[in-house]
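Structure assessment
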Amino acid sequence: MARKSRKAKPARLTHFDEAGRAHMVDVSAKPATERVAVASGHVTVAKETMRLIRAGQMKKGDVLSVAELAGIMGAKRTHELIPLCHPLALSALSVVLKPNLRQSRIDIIATVKTTGPTGVEMEALTAVSIAALTVYDMCKAVDRGMVLGDIRLEHKSGGKSGTYERGR
C-alpha cells in the first residue's frame with residue numbers, strides 16, 4: 001500500500017506581506033545573537049593578466065589590495081545597494097583575495113560578523129561581488145574576457161535558522 005506523503009508547506013517569503021507587497025522585515029522582536037557569514041567567489045583571468053597582477057604592473061595600481069578594500073566598503077554599504085536589507089553595525093569584516101595560478105583566477109573570501117537580530121549573509125556576498133567587480137575594473141584594459149564566477153554563501157551561523165555549511 002502506497003503511503004500518502006504530506007506536502008511540506010512552502011516557505012513563506014519574508015520580504016512580502018500578506019498582500020504580496022515588498023516590505024522590510026521587522027526584526028525588533030528577534031534576539032541579538034552573534035552572526036557570522038562567509039562567502040566566496042573568483043575572477044578567472046588570462047595568464048598574462050595574472051602575471052601583471054602578481055608583478056604589480058597594472059596601470060591602476062595594486063589590484064588585490066584595492067579590491068580587498070572595495071569589498072570591505074561594499075559590505076558596509078549593503079543596505080544602500082539591496083533595497084530591503086537592514087543597516088547593520090558590523091563587528092568584524094575581512095576580504096581576502098589570493099591568486100590561484102593553477103586555475104588562472106583570483107579567489108575571493110569574505111567573512112563578516114555582527115551581534116544583532118539579523119544575519120550578515122548579504123554583506124558577505126556583497127563584499128565578494130564588489131571585490132570581483134573591482135578586479136574586473138582594474139584589469140579590463142588588458143583583459144575584457146575575465147569571468148566573475150561562483151559567488152556563493154559558504155557558511156552562516158547564528159539566529160533562529162542555525163548554522164549552514166555548503167556541502168563540498
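Our subject in this report is the structure included herewith.

The rules behind each value
Residues numbered from 1 in each chain as written. Predicted model: local features only at pLDDT ≥ 70, side-chain atom pairs only at ≥ 80, totals over all residues. Heavy atoms only, no water. Pairing = 2+ DSSP bridges. Helix = DSSP H or I, 4+ residues; strand = E, 2+ residues; numbered from the N terminus. Contact = heavy atoms within 4.5 Å. Axes fitted to C-alpha atoms, helices over the stretch in contact; angles between N-to-C directions. 1 Å grid on protein atoms, 1.4 Å probe; cavity = no way out; pocket = protein on both sides within 12 Å on 5 of 7 lines; lining within 4 Å. Points joined across faces, edges and corners; volume = space filled by probe spheres on them. Buried < 20%, exposed > 50% of the residue type's maximum accessible area, 1.4 Å probe, protein only. Arc of directions from axis to C-beta. Nonpolar A, V, L, I, M, F, W, Y, C, P; charged D, E, K, R; others polar.

1. Here's the deal with the sheet that holds strand β3 (residues 105-116)
- The five strands lie next to each other as β2-β3-β1-β4-β5, forming an open sheet whose pairing is antiparallel. Each edge of the open sheet carries a strand with a single partner, namely β2 (92-100) and β5 (164-165).
- As defined by bridge partners, β2 adjoins β3 across nine bridges and the pair is classed as antiparallel. From the neighbouring strand, L97 faces β3, where its bridge partner is I108.
- Of the strands in this sheet, β2 and β3 touch helix α2 (residues 63-76), which is tilted by about 145° from β2.

2. As for the layout of surface pockets
- What the second largest pocket holds in volume is close to 150 Å³.
- Together, 11 residues line the second largest pocket, and S40, G41, R105, R152 and E154 are the ones closest to its centre.
- Going through the elements one at a time, β1 (33-44), β3 and β4 (147-157) are the ones with two or more residues in the lining of the second largest pocket.
- For the lining of the second largest pocket, the leading source of residues is β3, giving four residues.

3. Quick word on helix α1 (residues 47-55)
- Those residues of α1 lying buried are T49, M50, L52 and I53. Looking down the long axis of α1, one finds its buried residues gathered within 165° of arc, a one-sided arrangement. Opposite the buried face of α1, at more than 90 degrees from it, the exposed residues are K47 and R54.
- As for α1, its buried residues are in contact with α2, β2, β3 and α4 (121-139).
- Downstream of α1 by a residue or two, G56 has a phi angle that is positive, lying close to 70°.

4. Brief notes about empty space enclosed by the protein
- By the definition in use, this model includes one cavity of 30 Å³ or more.
- What the largest cavity holds in volume is close to 40 Å³.
- Taken together, A75, K76, R77, T78, H79, H86, P87, L88, L90 and E123 make up the full set of residues lining the largest cavity.
- Sorting the residues of the lining of the largest cavity by element identifies α2 and α3 (78-81) as the ones contributing at least two each.
- For the lining of the largest cavity, the class distribution of residues is four nonpolar, three polar and three charged.

5. Thoughts on the pairing of β4
- Relative to β4, β1 runs antiparallel, the two being bridged by eight bridges. Within the sheet, the bridge partner assigned to V36 lies in β4 and is S157.
- Across two bridges, β4 lies against β5 in antiparallel orientation. Residue K156 lies in a different strand from β5, and its bridge partner there is Y164.
- Here β4 folds back onto β5, and the loop between the two strands holds six residues, one of which, G158, carries a positive phi near 100°.

6. Let's talk about the environment of E121
- Structurally, E121 is set in helix α4.
- Residues E121 and R35, spaced 86 residues apart in sequence, show a C-alpha to C-alpha distance of 9.0 Å.
- Apart from residues lying up to four places away in sequence, E121 is in contact with A37, L153 and K156.

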